[in-house]
Each structure stands twice: as structure tokens, then as C-alpha cells.
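Each chain, letter by letter, is given below.
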Protein chains: 2
Amino acid sequence: MDSVTKRVLAIFLYPNMTTLDFVGPHEVLSRIPGMEVKKVAKVKGPVTADTGLQIVADYSIDEVSEADLLLIPGGTDTFTSMEDKAVVDWVKKIDTTTGRTVSVCTGSLLLAKAGLLEGRPATTHWATLDMLKEFGAEPMQERMVESGKYLTAAGVSAGIDMGLALTAQLTNDDFAQLMQLFIEYDPAPPFNAGSPKTAPAHILEMAKTTFGVQ
Amino acid sequence: MDSVTKRVLAIFLYPNMTTLDFVGPHEVLSRIPGMEVKKVAKVKGPVTADTGLQIVADYSIDEVSEADLLLIPGGTDTFTSMEDKAVVDWVKKIDTTTGRTVSVCTGSLLLAKAGLLEGRPATTHWATLDMLKEFGAEPMQERMVESGKYLTAAGVSAGIDMGLALTAQLTNDDFAQLMQLFIEYDPAPPFNAGSPKTAPAHILEMAKTTFGVQ
């Protein structure tokens with residue numbers, strides 16, 4: 001038996017986060033041998049997602065001061081957390097201790113707000129791509145963007161692809177493929193509307209109106 | 001403004017469930033206008049998934065006696081719930097009230113145990129496909145199988161595809177595509193190992209050993 005690398009993955013939970021953003025990568029990252037996952041929120045206890053689902057955070061931010069990996073999910077209101085100095089300071093502090101800092105969807109806006117993506121290429125949900133510029137990051141419309149130790153994924157479901165890629169980096173291609181087979185990730189979307197590049201024009205227009213994209 | 005159809009979606013949560021199984025479809029189904037989601041467990045409160053994630057159930061099974069839709073996720077221990085008469089009886093009872101009863105992954109084994117899939121084609125996680133036969137269902141190695149009001153999806157991530165297909169059935173193709181674009185579901189798996197049909201032979205062998213498949 002190979003020796004197991006012990007690692008701590010801190011996932012930041014906050015009100016109106018999008019659950020799939022972190023559940024996708026967590027489903028595979030948490031199964032890496034030796035991985036301890038800490039669910040961290042401003043205040044520990046149940047955190048209510050944008051769909052009403054409640055996930056329990058087992059740590060408050062003042063109880064976690066370091067991690068090997070930091071994962072920030074997106075949500076329909078990441079902005080309130082971006083305006084919260086205690087949260088932004090915690091993100092900055094943990095990042096000084098991590099080997100990898102990763103985000104899904106608008107989670108990268110929180111990283112950017114903390115000044116961590118300045119001058120770096122990064123991605124986020126397609127509808128908020130322009131906002132990365134405000135914090136000095138270089139927006140890329142890609143499924144996943146790697147820059148140094150930072151890995152940012154596009155909207156919501158992109159976290160699954162990112163989670164598998166990160167699993168391969170942390171372990172090896174065989175283990176990542178084992179995880180892909182475990183979650184039977186052989187996608188067969190019933191439509192081809194998952195990206196602004198492929199969605200029918202009227203769906204994209206509807207989405208821009210719904211999400212308030214200029 | 002069209003009138004909104006009010007519906008209740010009951011999701012059954014149980015120990016060692018796989019979170020992505022229900023979070024995938026929930027992410028889109030819960031955003032259908034008029035949809036009320038009830039997270040139901042044998043006893044309400046936090047339910048611990050197979051990865052350690054805790055999701056709060058807001059209802060106990062004795063508090064929910066009907067639903068328009070019933071969703072049963074899979075998990076690495078669905079068997080304990082299948083042996084729990086109170087749970088199986090509840091599944092049977094709710095099913096008599098639903099318009100659609102759906103499952104992801106090994107969730108279909110619980111439906112089958114409740115006698116609901118007898119003589120019907122159905123699917124489940126690839127590693128447990130043969131078990132469906134024990135309860136009189138006809139196993140199909142498909143991403144999603146529809147039989148009457150029953151919709152069964154393959155392992156874990158297949159719930160996302162099923163959730164979008166079901167959303168289209170409950171609303172229309174435009175709304176389902178809007179949801180696909182919202183969750184930016186334009187999959188780009190870093191490997192092609194998501195199905196026993198595509199996984200490299202040595203990965204499939206490793207998976208069979210890991211999951212105890214004969």
C-alpha cells in the first residue's frame with residue numbers, strides 16, 4: 001500500500017451559493033485517499049443555498065486558518081460575500097497557506113475581489129465574465145483556466161470537469177478516471193444549449209434578460 | 001404572465017446517499033416556477049451523505065403523505081434504506097400520489113424494492129445493474145429509461161441529464177435550455193472514462209474490484 005498524502009480541502013459556503021458548484025468537484029475530491037474536507041462558513045451551521053437547500057458548515061471562518069486546497073463556489077449572490085471584509089480577509093489569509101486555490105462559477109469574483117487574480121487569466125459564469133476585469137483579472141471564456149496555483153472553472157457544472165482535472169493533478173490519471181467511472185460521467189445533455197456559443201439565439205437572449213446581462 | 005403550475009417535489013434523503021445524485025436534478029427542477037421542494041428523511045434534520053456532507057431534511061417521512069414528483073437519489077448504502085420497512089412503505093405511499101416518480105443511480109433499487117418497477121425497463125448505476133432483476137425490473141444500460149410515469153437515470157451525474165429532460169417535460173424545451181445555459185452544462189470531461197463502454201479496460205477492472213462487482 002502506498003503511503004497516503006494527508007490534505008485538507010476547505011470549501012467556503014455562503015448564503016445563496018449554488019450547490020452544484022461545489023458538490024460537483026466535492027464528489028470526487030472528497031474521495032481522494034487522505035483528503036479531509038472542512039466545510040467553512042462565516043458562522044458554522046446550516047447555510048442556505050440559492051435553491052433553498054441547506055448544507056451544514058462544520059467550521060466558522062475564525063476556526064480555520066490554513067488549508068492545502070481552497071474551493072470557492074459561485075452563487076446567485078456572491079456579491080454580498082464580496083462586500084464582507086471578514087470573508088475577503090479570510091480568503092486572502094487561507095490563500096497564503098494553500099497549494100491550490102480553485103473556484104467554480106462566480107466564486108472567482110470573490111478570489112478576484114481578494115486581489116488574488118490580478119493580472120491573471122481567469123474564468124467565471126459566462127454571464128459575469130466582464131466583471132473579472134474590474135478586479136484586474138483577464139476574463140477567458142473557457143471551461144477551466146489554470147494560472148499558477150489558481151484554477152477557475154466556468155459556470156456551475158464546469159466544476160465537475162475541474163474537479164476531475166484537479167483530481168488527476170493531485171493523484172494520477174488512473175484514479176481520476178476511476179472517479180469519472182464512479183460518478184458515471186458520460187454526459188448526454190438532452191439539448192445543446194449549455195454555452196453562449198452553442199445555445200440558440202432566442203435562448204441566449206432570454207438568459208441575458210433573466211440574468212440581467214448587458 | 002402565464003399562470004404558474006404549483007407542484008411539490010419530494011426528495012428522499014438518507015444516510016450515505018450520494019449528494020450529486022439529487023443536487024444535479026434539484027439544481028434545475030427547483031428553479032421551475034411554482035415548484036416547492038420538500039427534503040424528506042426518515043427523521044428530519046441533517047442527513048449525512050457518503051462523502052460526509054450534511055444536508056438538512058426539513059420534513060420527516062410521517063409529515064409528508066403526497067407529492068407531485070418523488071425523487072430518490074442513490075448512494076453507497078441504499079441497501080440499509082431498502083431493508084427499512086417504514087421507508088419502503090413511505091415510498092410506496094407517496095408513489096400512489098405522484099404524477100412522476102424518478103430516481104438517480106441506485107435510487108431505482110429502492111423503487112424496485114417497493115415493487116414499483118416490476119415488469120418495467122429501468123436503469124441504475126452500471127455497477128448494480130444486475131440487482132434490478134432481483135426485484136423483477138428489466139435492467140437497461142442506458143443514460144435514462146422512461147417507463148410510464150417512472151424515469152430512472154444511470155449513476156450519479158446522469159441525474160443532470162435526467163433533470164433537464166424532466167424539466168422540458170414539465171415546462172417546455174425553451175425553459176429547459178435556459179436552465180442548461182444557467183448551469184453552463186456544456187460538458188468537457190478531461191477523460192473518456194465515464195461509462196463501462198468507454199473506460200479503458202484496466203480502469204473498468206479497477207472499478208469492479210473497488211466497488212465489489214462480480
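These numbers come from a predicted model, not from an experiment. For every chain, the first residue of the written sequence is number 1, and numbering continues from 1 along that sequence. Chain A is the first chain written and ligand 1 is the first ligand written, with later ones labelled in order. With pLDDT at 70 or above as the cut-off, local features in this predicted model cover only qualifying residues; side-chain atom pairs require 80 or more to be listed or tallied, and sums for whole chains, interfaces and linings still use all residues. With hydrogens and water set aside, each side-chain value is computed from the structure's full complement of heavy atoms.

J.: Outline the pattern of salt bridges, listing residues and values.
T.: By definition, a salt bridge exists where a carboxyl oxygen of Asp or Glu is found within 4 Å of a side-chain nitrogen of Lys or Arg. According to the stated counting rule, one finds 22 salt bridges over all chains in the structure shown. The salt bridge partner of E63 of chain A is K44 of chain A, with a shortest N-O separation of 2.7 Å. A residue pair is termed long-range when its members are at least 10 positions apart, and E63 of chain A in the loop between strand 5 (59–60) and strand 6 (69–72) and K44 of chain A in the loop between strand 2 (35–41) and strand 3 (45–48) qualify at 19 residues. Residue classification places K44 of chain A among the partly exposed positions, given a relative accessible area of 43%. Across the pair K113 of chain B and E83 of chain B runs a salt bridge, and its minimum N-O distance is 3.5 Å. One end of the pair, K113 of chain B, is in helix 4 (residues 107–113); the other, E83 of chain B, is in the loop between helix 2 (79–82) and helix 3 (85–95), with 30 residues separating them in the sequence. Exposure categories follow from relative accessible area, calculated using a 1.4 Å probe and restricted to protein chains: below 20% of the type maximum is buried, above 50% is exposed, and the middle band is partly exposed. For K113 of chain B, a relative accessible area of 30% gives the class partly exposed. In this structure, a network of salt bridges that share partners links the residues E27 and R31 of chain A together with D50 of chain B. Labels follow the DSSP assignment, with helices taken as runs of H or I lasting at least four residues and strands as runs of E lasting at least two, numbered in each case from the N terminus.

J.: Tell me about the interface of chain A and chain B, and please be specific about residues and values.
T.: Interface size is commonly expressed as the accessible surface area that is lost when the partners come together. Between chain A and chain B, the residue contacts involve 64 residues of the former and 64 residues of the latter. Between chain A and chain B, a total of about 5600 Å² is buried, with carbon and sulfur atoms accounting for 67% of that surface. Contact with chain B buries surface across chain A, with L181, E184 and F191 of chain A losing the most and accounting together for 14% of the total. Viewed at the interface, chain B and chain A are joined by 2 salt bridges. Between D50 of chain A and R31 of chain B there is a salt bridge, and its shortest N-O distance comes to 3.1 Å. For this analysis, a polar contact is any N or O atom pair within 3.5 Å, provided that within protein one partner can donate a hydrogen and the other can accept it, and provided that sequence-adjacent residues contribute only side-chain to side-chain pairs. There are 38 residue pairs in polar contact (both at pLDDT 80 or more) connecting chain A and chain B. Mapped by element, the contributors of at least two residues to the side of chain A that touches chain B are helix 1 (19–29), strand 4 (54–57), helix 6 (158–170), helix 7 (173–182) and helix 8 (201–211) of chain A. Counting residues per element, the side of chain A that touches chain B draws most heavily on helix 7 of chain A, at 8 residues. Looking at side-chain class alone, the side of chain A that touches chain B contains 34 nonpolar, 20 polar and 10 charged residues. Two residues qualify as a contact provided that any one of their heavy atoms is within 4.5 Å of a heavy atom in the partner residue. Note on terms: buried area is the combined drop in 1.4 Å-probe accessible area of two parts once they are placed together, counting the loss on both. Gly counts as polar in this scheme, as do all residues outside two lists: the nonpolar Ala, Val, Leu, Ile, Met, Phe, Trp, Tyr, Cys and Pro, and the charged Asp, Glu, Lys and Arg.

J.: With reference to specific residues and values, describe the relation of the copies chain A and chain B.
T.: Copies are brought into register by a least-squares superposition over C-alpha atoms of residues with pLDDT of at least 70 in both. With an RMSD of 0.0 Å, chain A superimposes on chain B once it is rotated by 180° and translated 0.0 Å along the axis. Between the two chains, the operation in question is that of a two-fold axis. Scanning chain A for the C-alpha nearest the rotation axis identifies I55 of chain A, at a separation of 2.4 Å.

J.: Which residues make up the pairing of strand 6 (residues 69–72) of chain B, and what are the values?
T.: Residues and elements named next belong to chain B. Side chains L69 and L71 of strand 6 all project onto a buried face; the interleaved residues L70 and I72 project onto the opposite face, where all are buried too. One bridge is not enough; two strands pair if DSSP finds at least two bridges between them. Relative to strand 6, strand 1 (residues 7–13) is paired through 3 bridges, and the arrangement is parallel. If you follow A10 over to strand 6, its bridge partner there is L70. Both strand 6 and strand 7 (residues 100–104) contribute to a ladder of 4 bridges, which runs parallel. Bridge pairing in strand 7 places I72 opposite S103.

J.: Can you tell me about the nonpolar core, naming the residues and giving the values?
T.: Across soluble globular proteins, nonpolar side chains show a tendency to be buried alongside one another. By nonpolar core is meant a set of buried Ala, Val, Leu, Ile, Met, Phe, Trp, Tyr and Cys residues that side-chain atoms within 4.5 Å join together. Counting residues in hydrophobic clusters, the biggest one holds 149 residues, and the most contacted among them are V91 of chain A together with V91 of chain B. Here V91 of chain B is in contact with L70, I72, L110, L111, A114 and L116 of chain B, once residues within four sequence places are set aside.

J.: A description of the sheet that holds strand 2 of chain A should follow, citing residues and the corresponding values.
T.: Residue and element names in this part refer to chain A. Strand order across the open sheet formed by 7 strands is 5-2-1-6-7-11-10, with mixed pairing between neighbours. Each of the sheet's edge strands pairs with one partner strand only, and the pair in question is strand 5 and strand 10 (144–147). Relative to strand 11 (residues 150–153), strand 7 (residues 100–104) runs parallel, the two sharing 4 bridges. Considered in strand 11, the bridge of S103 is made with T152. Its contacts with the sheet put helix 3 (residues 85–95) on strand 1 (7–13), strand 2, strand 6, strand 7 and strand 11, and the angle it makes with strand 6 is roughly 150°. Helix-sheet contacts for helix 6 involve strand 1, strand 2, strand 6, strand 7, strand 10 and strand 11, and the interaxial angle to strand 7 is about 160°. Every axis in this analysis is a line fitted to C-alpha atoms, fitted for helices over the stretch in contact. Angles between the N-to-C directions lie between 0 and 180 degrees.

J.: Before we move on, could you go through unusual backbone geometry and cite the residues and values that matter?
T.: With phi around 60°, C105 of chain A is a residue other than glycine that occupies positive phi space. Within the element layout of this structure, C105 of chain A appears in the loop between strand 7 and helix 4 (107–113).

J.: Explain the side chain of K39 of chain B residue by residue, including any values.
T.: For K39 of chain B, the position within the fold is in strand 2 (residues 35–41). The buried category is assigned to K39 of chain B, whose relative accessible area is 5%. Ignoring sequence-local partners within four residues, the contact set of K39 of chain B consists of G52 and L53 of chain A together with I11, L13, V56, A57, D58 and Y59 of chain B.

J.: Please set out the sheet that holds strand 10 (residues 144–147) of chain B residue by residue, giving values where relevant.
T.: Through backbone hydrogen bonds, the strands of a sheet pair up, either in parallel or in antiparallel fashion. Residue and element names in this part refer to chain B. As summarised here, the arrangement of the 7 strands in space is 5-2-1-6-7-11-10, forming an open sheet in which the pairing is mixed. Each having just a single partner strand, strand 5 (59–60) and strand 10 make up the two edges of the open sheet. Across 4 bridges, the pairing between strand 10 and strand 11 (residues 150–153) is antiparallel. Pairing of V145 across the sheet is with T152, part of strand 11.

J.: Let's hear about the packing of aromatic side chains: which residues, and what values?
T.: Working definition: rings of Phe, Tyr and Trp (its six-membered ring) pair if their centres are within 6.5 Å, and the pair is stacked with planes under 30 degrees apart, edge-to-face with planes over 60 apart, and tilted otherwise. Summed over all chains, the structure comprises 8 aromatic pairs over all chains. Site record: aromatic cluster; members linked through ring pairs are F12, Y14 and W90 of chain A. Distance and angle both matter: a charge sits over a ring if NZ of Lys or CZ of Arg is within 6 Å of the ring centre and within 35 degrees of the ring normal. Sitting above the plane of the Y59 of chain B ring, K38 of chain B keeps its charged end 5.1 Å from the centroid.

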